[in-house]
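Remarks on the overall topology
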Amino acid sequence: MNETEKVKQKHKFFLSGVLLLVAVVAALGYLNYRAVNASRESNPISAGQILIHGLQDQDVVITMSDLEKLPAVTRYAEAERSNGDEVSVNATGPLLDTLLKQYGRSQQEFSLVRFTARDSYSIAVPPDILKNCPIILSYINDGKPLEADWQPVRVVIPGERAMYWVKDMIRIDLETGTERIPAGKLVFMDPAALSLPQEDLRDNGSSVKAVKTRDLIDRYTGGSPVQNVFIKAGDGLEKNETGAGFLNACIEVNGQDAPKYLIPGLPEGMTIRNVLVFNYGATAFIDYAEAARVLPLQTVGRQSGVALSDIVKQAGLTGAGDYLFTKTDGGSVIVATAGLGNGLVYQDAGGALAFTASGTSGAVEVDDLLSIEPVT
Ligand SMILES: Nc1nc2c(c(=O)[nH]1)N[C@H]1C(S)=C(S)[C@@H](COP(=O)(O)O)O[C@H]1N2
Ligand SMILES: [Mo]
C-alpha cells in the first residue's frame, strides 16, 4: 500500500464512521418519535394512523402502509341500520386476526375489542363475536378506496349489526377479563331516578326529563370507577360502554323510547333506546317499566307484575337464599327463601313499586321498593 492509498483508506474509514453515527442518531430520533407518538394516548393520531392499546406493553401505532402489506380478503356483507335501512358492501382489507398474528396474538384471546372513530363513535365487540366472526379492517369498499371521511379504515363484520361497522376508525383497545360480573345489588331505576335532579332536554323537537348517569352512580353505588358498563335494552340489544364514557351520559326518563341512554354531543348511533338493565361494577340497575313491557307478566292474588326470578336473572344478581329489600324511605326487610316463592314485583295504584309473594308461611308484602340484595 503506498502513501496515497493509505490516505484514501483512512478517508473511507472516517466516512463510514460518520455514516454510522448519522444512522444511529437518526434511528434514535425515530425511536423517540415513535415513543412520543405512542404515549399521546388520547388523540395521538395523524391522518392514516391507528393506535392499538393492549397489544404490547407500549401502545402500537400502525399506518395504512402496514395494513396494505398484510394479506387482504374481500367479503360481501349486509346489515340493518337501527332505522331499518339495509347497508351492504364488498369489503376488502386484512382481518383483525391477521394483524394480531403479526404480534403473536389472536382475536379469540380477548374478551372485548373496542373500536373508536375520529368522530368519537365507539363500540365494543363482545366475546361471542370475537370467537366466531372474521373482522375486516377494510380500506377498499366495492372495489374503490374509502371516501375521505371514512378513512383510514371501516370495520366490517359480516353477519353482525351495522353498529359494529365503525367508519373512520383510528383506535383499537384490546381487553381481557372484562366480562360482566355477577351483581351483588339490584336497584330499580324508576324510583332511583325520581330521587335525583331532573334535567330538561330537547329531543327530536319535544321536551323530556333526564337524569345524569353520574348522579345515579354517585347515589347508589360506591362510586368507584369501572372499566366497562354493560347495558341491555328491552329488545335484546347489548352494549358495553367505557366507564368514563358512561359517566358523561344521561338517561331520559320520560318521552318516547324511555329509558333512553345518550351522551350529549356524541353520535346518535350511540343512543340506546328502552334500556332494560345496566351493570355498573357489582350494581345492576333495572327499569321496572321496561321489564313489565318485555318480560312475561305473572299474577299473584290481585296483582300482576314481573316474577322476581326473571328480574334477578336479567340483572345477573348473585343467587342467594334470603334477600334484603330496601325501601325508598331507607327502611328494609329481609325476606327468607321460603317467602320468595312465586314472588313478583308490581306497580301499585300510586305508581310505586312493590313486592308480593304468597309465601309458604303466609303472604309477604313490601311497598315503596327501591333495591334488592342477596344476604349471605
Ligand atoms: N365513525 C362512525 N361510524 C359509525 C357510526 C358513527 O356514528 N360514526 N354509526 C354506526 C351505526 S349506529 C350504524 S347503524 C352504521 C350506519 O352505517 P352507514 O354508515 O352505512 O349508514 O354505522 C356505524 N358506524
Ligand atoms: Mo345504528
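Everything numeric in this text was worked out from a predicted model, so none of it was measured.

**Some details on the sheet that holds strand β18 (residues 260-262)**
Pairing within the open sheet is antiparallel, and its 4 strands lie in the order β13-β14-β17-β18. The open sheet is flanked by β13 (199-203) and β18, the only strands paired with a single partner. Within the sheet, the average angular offset between the axes of one strand and its neighbour, ignoring direction, is 40°. Relative to β18, strand β17 (residues 250-252) is paired through 3 bridges, and the arrangement is antiparallel.

**Concerning the nonpolar core**
Ranked by size, the top nonpolar core spans 69 residues in total, and within it Phe-115 and Phe-278 carry the most contacts. Per-domain counts for this core show at least three residues from each of domain 1 (49-175) and domain 2 (185-289). Those residues in contact with Phe-278, other than ones at most four positions away along the chain, are Met-189, Leu-216, Ile-217, Val-229, Phe-230, Ile-231, Phe-246, Ile-251, Thr-283, Ala-284 and Phe-285. Judged by nonpolar contacts, the second largest core, of 32 residues, contains Leu-186, Leu-276, Tyr-323 and Ile-372.

**Re the side chain of Asp-173**
Inspection of the secondary structure assignment puts Asp-173 in strand β11 (residues 169-175). A polar contact is formed between the side chain of Asp-173 and the side chain of Arg-171, at a distance of 2.8 Å. Among all residues touching Asp-173, those that are not within four sequence positions of it are His-53, Leu-112, Val-113, Arg-114 and Thr-116.

**Observations concerning the confidence of the model for the protein**
On average, residues of the protein score 89 in pLDDT, and 88% of them reach the 70 mark or higher. Contacts of residues 31-42 to residues separated by more than four positions or lying in other chains number 12 contacts, the stretch itself having pLDDT below 50.

**Overview of the site of ligand 1**
Surveying the vicinity of ligand 1 reveals 13 residues, the closest of which are Arg-81, Val-87, Asp-119, Trp-165 and Lys-167. Measuring from an oxygen atom of ligand 1, one finds a side-chain N or O atom of Lys-167 at 2.4 Å. Calculation on ligand 1 without its partners gives an accessible area of 530 Å², and the protein chains cover 86% of this total. Here the residues of the shell around ligand 1 sort into 8 nonpolar, 1 polar and 4 charged.

**Quick look at the environment of Ile-50**
The residue Ile-50 is located in strand β1 (residues 49-53) in this model. Taking C-alpha positions, Ile-50 is 9.8 Å from Thr-116, a pair spaced 66 residues apart along the chain.

**What to know about unusual backbone geometry**
A cis amide bond links Gln-151 to the next residue, Pro-152, at an omega of 5°. Looking at the secondary structure, you find Pro-152 in the loop between β9 (144-145) and β10 (154-156). A cis amide bond links Ala-258 to the next residue, Pro-259, at an omega of -10°. Relative to the elements of secondary structure, Pro-259 occurs in the loop between β17 and β18. A positive phi is found at Asp-168, a non-glycine position, where the angle reads about 60°. Not every positive phi belongs to a glycine, and Asn-204 is a case in point at roughly 50°. Turning to its location among the elements, Asn-204 is positioned in the loop between β13 and β14 (206-212). Under the relative-accessibility criterion, Asn-204 is labelled exposed at 75%.

Conventions and cut-offs
- Residues numbered from 1 in each chain as written.
- Chains lettered and ligands numbered in written order.
- Predicted model: local features only at pLDDT ≥ 70, side-chain atom pairs only at ≥ 80, totals over all residues.
- Heavy atoms only, no water.
- Pairing = 2+ DSSP bridges.
- Helix = DSSP H or I, 4+ residues; strand = E, 2+ residues; numbered from the N terminus.
- Axes fitted to C-alpha atoms, helices over the stretch in contact; angles between N-to-C directions.
- Core = buried A, V, L, I, M, F, W, Y, C linked by side-chain atoms within 4.5 Å.
- Buried < 20%, exposed > 50% of the residue type's maximum accessible area, 1.4 Å probe, protein only.
- Domains from an automatic or database assignment.
- Contact = heavy atoms within 4.5 Å.
- Polar contact = N/O pair within 3.5 Å; in protein donor to acceptor, adjacent residues only side chain to side chain.
- pLDDT = per-residue confidence, 0-100.
- Near = heavy atom within 4 Å.
- Areas by Shrake-Rupley, 256 points an atom, 1.4 Å probe, with all protein chains shown as cover.
- Nonpolar A, V, L, I, M, F, W, Y, C, P; charged D, E, K, R; others polar.

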